[in-house]
Amino acid sequence: TGSWLVSFGAPGCARCATLQEALGEIDADLRDIYVIPATVDKSSGAGLWKRFRLGDVPATFMFSKGSMYCYAGGDTGAELLA
């Protein structure tokens, strides 16, 4: 299944929208390196919010080989790929 890069966001969050757009722009690049990009909206993913104890948005994580890594970098596609 590969690794997952998941950005958790909420409606009305401008930075969340920027990250979602950036993930869309680099979708093919991520998939080429076996990383599946995904976004989860707070209104439709409440169970995931509880599971990962999320509060502030956006929150972006890499899930790979049974581990979870918090992403604290920039919001552009190039920064996400770095």
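Above this text sits the structure in question.
Keep in mind the model is a prediction, meaning the values are calculated, not measured.

Draft legend 1. Spotlight on helix 1 (residues 14-25). For helix 1, spanning twelve residues, the distance from its first C-alpha to its last is 17 Å, which sits close to the expected 16 Å at 1.5 Å a residue. Taken as a whole, helix 1 has its buried residues at Cys16, Leu19, Ala22 and Leu23. The buried residues of helix 1 all sit within an arc of 125° when viewed along its axis, so they share a single face. In helix 1, the exposed residues that point more than 90 degrees away from the buried face are Ala14, Glu21, Gly24 and Glu25. Against strand 1 (3-9), helix 2 (27-32), strand 2 (35-41), strand 3 (59-64) and helix 4 (77-81) lie the buried residues of helix 1.

Draft legend 2. Broad picture of the environment of Gly77. With respect to the helices and strands, the residue Gly77 is situated in helix 4. What makes Gly77 buried here is its relative accessible area of 8%. Gly77 sits 44 residues away from Ile33 along the chain, and the two C-alpha atoms are 14 Å apart. In contact with Gly77, not counting residues within four places along its chain, are Ala22 and Ile26.

Conventions used here
- Residues numbered from 1 in each chain as written.
- Predicted model: local features only at pLDDT ≥ 70, side-chain atom pairs only at ≥ 80, totals over all residues.
- Heavy atoms only, no water.
- Helix = DSSP H or I, 4+ residues; strand = E, 2+ residues; numbered from the N terminus.
- Expected span 1.5 Å × (residues − 1).
- Buried < 20%, exposed > 50% of the residue type's maximum accessible area, 1.4 Å probe, protein only.
- Arc of directions from axis to C-beta.
- Contact = heavy atoms within 4.5 Å.

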